[in-house]
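Observations on the three-dimensional arrangement
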Amino acid sequence: MSRIHVCLVSDQPIPTLTTVLQLKPDGVILLKTSEMDEKAAFLMDILAAKKVKASSERIEAYDINDVIRVSESVIKKCSDCEVSLNITGGTKIGTLGTFQAFYTSGKPIYYVDTKSNRILKLFPEKEQAEYPINVTISIKDYLEAYGFQVTSHVKDDSYIYARKTLTHYLAHTVAHDEKIIASLNGRLHAYDSNSSLPISLALPGNHKLLSHITLLKGVTRRDDGSIEIQEYDALRYLKGIWFEEYVYLTAKDAGADEVWLNIEGRWLTKGKYQPKNEFDVMISKGNRLFYISCKTANPDRITEGDAEGVGRHYLYELDSLSDKALGLFGKKMLASARRIDDPAIRERAKVLGIDLIDGKNIIMLKDTLKQWLRK
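Figured I'd write up the structure that's included with this text. All values reported here derive from a predicted model rather than from experimental measurement.

A word on the overall build of the protein
In terms of regular secondary structure, the protein is built from 13 helices and 16 strands. Counting only C-alpha atoms and orienting by the principal axes, one finds that the protein spans roughly 85 × 40 × 40 Å. With 375 residues in all, the protein has 51% of them scored as buried. Taking all contacts inside the protein whose residues are at least 6 apart in sequence as the whole, residues at least 24 apart take part in 64%. Total accessible area on the protein is roughly 18,100 Å²; 49% of this is exposed by carbon and sulfur atoms. Averaging the positions of the 52 positive and the 50 negative side-chain charges in the protein gives two centres separated by 2 Å.

Below you can see the structure in the form of structure tokens.
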């Protein structure tokens, strides 16, 4: 006897993927309103790639009689199947209508409690139970469920490991002497991918920093103690990519399922224009996605006409992007290589549900990430 799982499509698609991956049904029926056509299409594509047969049925979002009618029709069509319902998500009318139909027919009803990492079997009462979520949703699938198509990310990270010693040294330097990184940022500020190479640069007065940096591919040391930057990759690294790589390397050691760096892609929209976005570091653990935005500029710096530091803009940008890509079940963090002393920025991060880690405790990032992934 085949097993069919019925799900209400909502703007939070992760519970649907979670129950499908855990229950492993032979087929899936998505109940969707007209507003959820795009979300349903994203889910159908993911399920098709996993060779799960999926179809959809239209329901009216605020017409409970229509929801009950469609639900009963689905149950009747599946009379020779084991049919169950995932009641997570959807409108309240949709939830009430589907619950009534499946309850009356004596069919199993499930609810996904992502926060507590469990799936609850709500009905039949004699079979009430809870199961720990033991599935893994990949970064690719998670993002595609929200309509973001990845076009690139770092796949060969051998070059990152080749300069790992320098990367970790810079991170430890941040924790003990932030002025060195501030000085380095200031001296490199005027240079970018349009600047002519090579670039001659006097480093902050730190002999150990000089000896480490000359190990970087594309950088040589001059007789006067300065350095010469001969490759744009080395310039980008010194301007701040080193910090993204530090967060990436640390996350790889923190027990995640997947860690991706420098994710680029576009939002799948109905129109011709598909907005593009980039993410610094993304981590998956179980059925949850974690996003870390990495900054090396001074977050407390006040710009003209603004009463708060630029860290406020970092938080707004992170919050907006996370809402679109992570939904309710992901987590977000601002990692700053510089200290965040402005209490307004810290308070705003709490309000927005954004975790913070900064230069004064950045060497504790691994332990912080381990705790973060366990929550």
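Resuming the write-up.
Quick notes on unusual backbone geometry
Residue Pro-124 is reached from Phe-123 by a cis peptide bond, and omega for that bond is 0°. With respect to the secondary-structure elements, Pro-124 resides in the loop between strand 6 (118–123) and strand 7 (129–132). Of note, the amide linkage connecting Leu-197 to Pro-198 takes the cis form, showing an omega dihedral of 0°. Note on placement: Pro-198 falls in the loop between helix 8 (178–188) and strand 9 (199–201). Here Lys-51, not a glycine, exhibits a phi torsion of approximately 60°, which is positive. Turning to its location among the elements, Lys-51 is positioned in the loop between helix 2 (37–49) and strand 3 (53–58). By relative accessible area, Lys-51 is classed as exposed at 76%. Backbone geometry at Asn-117 places phi at a positive 55°, although glycine is not the residue there. Assignment of secondary structure puts Asn-117 in the loop between strand 5 (109–113) and strand 6. Judged by its relative accessible area of 37%, Asn-117 is partly exposed.

Side note on the pattern of salt bridges
Here the structure, examined in full by the defined rule, presents 19 salt bridges. For the salt bridge of Asp-141 with Lys-50, the shortest nitrogen-to-oxygen distance reads 2.7 Å. Of this pair, Asp-141 sits in helix 5 (residues 139–145) while Lys-50 sits in the loop between helix 2 and strand 3; the two residues are 91 residues apart in sequence, bridging distant segments of the chain. Since its relative accessible area comes to 35%, Lys-50 is described here as partly exposed. Its salt-bridge partner being Lys-295, residue Glu-317 comes within 3.6 Å of it at the nearest N-O pair.

Considerations on the pairing of strand 16 (residues 354–357)
In this sheet, strand 16 lies alongside strand 15 (residues 331–336) in parallel orientation, the contact comprising four bridges. Each bridged residue has a counterpart across the sheet, and for Met-333 the counterpart in strand 16 is Asp-355. Following the chain from strand 15 across helix 12 (residues 343–352) to the adjacent parallel strand 16, one finds a crossover that is right-handed.

Side note on the packing of aromatic side chains
Taken as a whole, this structure holds eight aromatic pairs when the rule is applied. Summarising the aromatic geometry, the rings of Phe-148 and Phe-279 are spaced 5.2 Å apart at their centres and angled 90° between planes, so their arrangement reads as edge-to-face. Here Phe-148 is found in strand 8 (residues 148–152), whereas its partner Phe-279 is found in strand 13 (residues 276–285), with 131 residues between them in sequence. The exposure class of Phe-148 is buried, given its relative accessible area of 0%. Centre to centre, the rings of Trp-242 and Phe-243 are 5.5 Å apart; their planes meet at 65°, and the pair counts as edge-to-face. As far as the burial class goes, Trp-242 and Phe-243 line up, both buried. Grouping aromatic residues by their ring pairs yields a cluster made of Phe-148, Trp-267, Phe-279 and Tyr-291. Above the ring of Trp-267, the side-chain terminus of Lys-324 is found at 4.3 Å from the ring centroid.

What counts and how
Counting of residues starts from 1 at the beginning of each chain's written sequence and follows it residue by residue. Reporting of local features is limited, given that this is a predicted model, to residues whose pLDDT is at least 70; pairs of side-chain atoms are given and counted only at 80 or more, and all residues count toward the totals for whole chains, interfaces and linings. Each side-chain value is derived from all of the structure's non-hydrogen atoms; neither hydrogens nor water enter the calculation. Helix numbering and strand numbering both begin at the N terminus, where a helix is a DSSP run of H or I of at least 4 residues and a strand a DSSP run of E of at least 2. Only protein chains enter the accessibility calculation, which uses a 1.4 Å probe; a residue whose area is less than 20% of its type maximum is buried, one above 50% is exposed, and one in between is partly exposed. By definition in these notes, contact holds between two residues if any of their heavy atoms fall within 4.5 Å. We get accessible surface area from the Shrake-Rupley algorithm with a probe of 1.4 Å; when it comes to residues, only the shown protein chains can shield them. The charge count includes Lys and Arg as positive and Asp and Glu as negative, but it does not include His or the ends of the chains. We put the charge of a Lys on NZ, of an Arg on CZ, of an Asp on CG and of a Glu on CD. Any Lys or Arg side-chain nitrogen found within 4 Å of a carboxyl oxygen on Asp or Glu counts as a salt bridge. Think of it this way: DSSP has to see at least two bridges between two strands before they count as a pair. Place the viewer so that the strands point away; then a crossover is right-handed whenever the path from the first strand over the helix to the second strand goes clockwise. Classification of ring pairs rests on two measures: the distance between centres of Phe, Tyr or Trp rings, Trp counted by its six-membered ring, which must be within 6.5 Å, and the angle between planes, read as stacked under 30 degrees, edge-to-face over 60 and tilted in between. Should the NZ of a Lys or the CZ of an Arg lie within 6 Å of a ring centre and within 35 degrees of the ring normal, that charge is described as sitting over the ring.

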